[in-house]
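An overview of the molecular structure
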Amino acid sequence: MEDTFSEKESLDLIRQMIDTAKNNLQQGTGKVFLLWGYLVAGISLATTILLITLPGDNRYYAYYLWFLMAFGAPFHYLLIRKMERERLVMTYIDKMMRWVWIAFTVSILTVVIGLVLSSLLIYPALSAAKATDDFARLFQWIFMPGSAGAYQPVDQFHFWFQWLFIPPFMLCLYGIALFITGKAYGFRPLYLGGIICWGSVLLLLVTIHHPYVLEIQQIFLCFCAITGYVIPGHLLRKKEGSDVARA
Amino acid sequence: MLPELDPLLHSQLRLAVMSILIGSPEADFVYLRKTTGATAGNLSVQIEKLREAGYITVEKSFRGKMPRTTCRITPTGIKAFETYVEALQDYLPK
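Treat the numbers as computed from the prediction; the structure is a model and nothing was measured. (Residues numbered from 1 in each chain as written. Chains lettered and ligands numbered in written order. Predicted model: local features only at pLDDT ≥ 70, side-chain atom pairs only at ≥ 80, totals over all residues.)

Right, let's talk about the overall build of chain A for a bit. Along chain A, the regular secondary structure elements total 9 helices and 1 strand. Reading the helices (α) and strands (β) of chain A from amino to carboxyl end gives α-α-α-β-α-α-α-α-α-α. Taken across its 247 residues, chain A has 28% of its residues classed as buried. Residue pairs at least 24 apart in sequence account for 74% of intrachain contacts in chain A once pairs closer than 6 positions are excluded. (Helix = DSSP H or I, 4+ residues; strand = E, 2+ residues; numbered from the N terminus. Buried ≥ 20, exposed ≤ 12 C-beta atoms within 10 Å, placed from the backbone. Contact = placed C-beta atoms within 7 Å.)

This next bit is on the overall build of chain B. Helix and strand counts for chain B stand at 4 helices and 3 strands. If you list the helices and strands of chain B from N to C, you get α-β-α-α-β-β-α. Dimensions of chain B, computed from the C-alpha atoms along their principal axes, are close to 55 × 25 × 20 Å. The buried share of chain B, reckoned over its 94 residues, is 35%. In chain B, 54% of the contacts between residues at least 6 apart in sequence involve partners at least 24 apart.

In this complex, chain A contributes 22 residues to the contact, which on the side of chain B involves 26 residues. When residues of the side of chain A that touches chain B are traced back to their parent elements, those giving at least two are helix H1 (7–20), strand E1 (89–90) and helix H4 (92–128) of chain A. Of all the elements, H1 of chain A adds the most residues to the side of chain A that touches chain B, at 9 residues. When grouped by side-chain class, the residues that make up the side of chain A that touches chain B number 13 nonpolar, 3 polar and 6 charged. Summarising the sheet, E1 of chain A and strand E1 (residues 26–28) of chain B pair through 2 bridges and their orientation is antiparallel. What sits directly across from Val 89 of chain A, in E1 of chain B, is Ala 27 of chain B. (Nonpolar A, V, L, I, M, F, W, Y, C, P; charged D, E, K, R; others polar. Pairing = 2+ DSSP bridges.)

All names here are of chain A. Locating Glu 240 in the fold gives a position in helix H9 (residues 213–240). The exposure class assigned to Glu 240 is partly exposed, which follows from the 19 C-beta atoms found within 10 Å. When near neighbours in sequence (up to four residues on either side) are disregarded, Glu 240 contacts Gln 27 and Gly 30.

Let's shift gears to the nonpolar core. By size, the foremost hydrophobic cluster in this structure holds 27 residues, and its most contacted members are Leu 171, Tyr 174, Leu 178, Cys 197, Leu 221, Cys 224 and Ala 225 of chain A. Among the elements of the structure, helix H2 (29–53), helix H7 (166–185), helix H8 (188–206) and H9 of chain A are those that each provide at least two residues to this core. Tallying contributions element by element places H9 of chain A first for this core, with 9 residues. Core analysis: the next-biggest nonpolar cluster, separate from the first, contains 26 residues, Leu 13, Val 17, Leu 32 and Leu 43 of chain B among them. (Core = buried A, V, L, I, M, F, W, Y, C linked by C-beta atoms within 7 Å.)

All names here are of chain B. Where strand E2 (residues 56–63) meets strand E3 (residues 66–73), 8 bridges bridge the pair, whose relative direction is antiparallel. Opposite Phe 62, over in E3, you have Pro 67 as the bridge partner. Between E2 and E3, which follow one another and run antiparallel, lie 2 residues, and Gly 64 among them has a positive phi close to 70 degrees.

Glancing now at the pairing of E3 of chain B. By the bridge criterion, 3 bridges tie E1 of chain B to E3 of chain B in an arrangement that is antiparallel. Counterpart to Glu 26 of chain B in the pairing with E3 of chain B is Arg 72 of chain B.

The subject of this paragraph is the sheet that holds E1 of chain A. Pairing between the strands of a sheet is mediated by backbone hydrogen bonds and can be parallel or antiparallel. Taken together, the 4 strands give an open sheet; going across it, the order is E1(A)-E1(B)-E3(B)-E2(B), and neighbouring strands pair in antiparallel fashion. Strand pairing shows two members of the sheet lacking a second neighbour, E1 of chain A together with E2 of chain B, which therefore form its edges.

Turning next to the packing of H1 of chain A against helix H1 (residues 12–23) of chain B. The relative placement of two packed helices comes down to the angle between their axes together with the axis-to-axis distance. Relative orientation of the contacting elements H1 of chain A and H1 of chain B amounts to 40 degrees, with a least axis distance of 8 Å. Classified by the angle between their axes, H1 of chain A and H1 of chain B sit oblique to one another. Handedness of the crossing formed by H1 of chain A with H1 of chain B: right-handed. Where H1 of chain A approaches H1 of chain B, its residues Ser 10, Leu 13, Ile 14, Met 17, Ile 18 and Thr 20 of chain A are matched on the opposing element by Gln 12, Leu 15, Ala 16, Ser 19, Ile 20, Ile 22 and Gly 23 of chain B. When the residues that make up the contact of H1 of chain A with H1 of chain B are grouped by side-chain class, the tally is 8 nonpolar, 5 polar and no charged. (Axes fitted to C-alpha atoms, helices over the stretch in contact; angles between N-to-C directions. Parallel < 35°, antiparallel > 145°, perpendicular 65-115°, else oblique. Left-handed = near helix turned anticlockwise from the far one by under 90°.)

Moving on to the confidence of the model for chain B. Predicted confidence across chain B gives a mean pLDDT of 88, with 96% of residues reaching 70 or more. Two summary scores accompany this predicted model of the complex, namely pTM at 0.77 and ipTM at 0.81. (pLDDT = per-residue confidence, 0-100.)

Mapped onto the fold, Met 66 of chain B is located in strand E3. C-alpha of Met 66 of chain B to C-alpha of Glu 48 of chain B: the two residues are 18 residues apart in sequence and 21 Å apart in space.

What follows is the structure, encoded as structure tokens:
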């Protein structure tokens, strides 16, 4: 580069250099979307099949399949570690989006951990204990103050009903994260995926009293995972070969 | 009277580096070299001048076994860049 230049050239150079760091998604992002997209799509599909085929109250055990999501974490860690090693530049948008996805993950984990504690530990423990037990009384006092002394074991539906609101809630979070990321990086498939998630939330809430609501929810989760993660993930992988920042 | 342009920034390569770092809070040496099209030697010299002026920080680390140099703009650098751009606008025809 020449060392003497005019003021106009100077401004042009600034504009040109700022444009080079425009917000491209980092190389490897597509793989992260594919990992979680296929995992959610696969699990929701398998859950749908089990919900249909398992007899009686046993069908609710289909939801245990969602614990398989934890297997995504080590692969996610490896992918992110590789991306960080290969990163050559970090834009302000990259930094902001990192916090958006951290907030997304924390929101999901908080809700899931809360529900797991509620439906798999506390409620069954209460159900198993006699109402006269001190243990049951204590938990009733903490978690169900209105029912103290009158606790009756409940059926399987009451162990699981709170999960009914989880798919719409999760899809709402998916929608937020996908829409913001898509708009920030100007990548249309991502923000369209986010809009599809929001549309699905509306449908899931409208159909919440439908007799097949559980199956409908899982099918929509699968659909949204494909439209919001798998398809954009493949498109990103294709794009990475051309203009995604190799950094 | 027209304001004086910061001589440290009124150099094509140094200004290019600072412009990149204004848009991206951190950038690797390799990225800066590819984006500016400069030679490694020239870029090293100019980066060192910016570092000495306190406009950027330079961190050397390892990516696996490969050495890595990461540049970040400092608040002093941001201020200098803003002042430079403001001064530059006075030179352009209104």
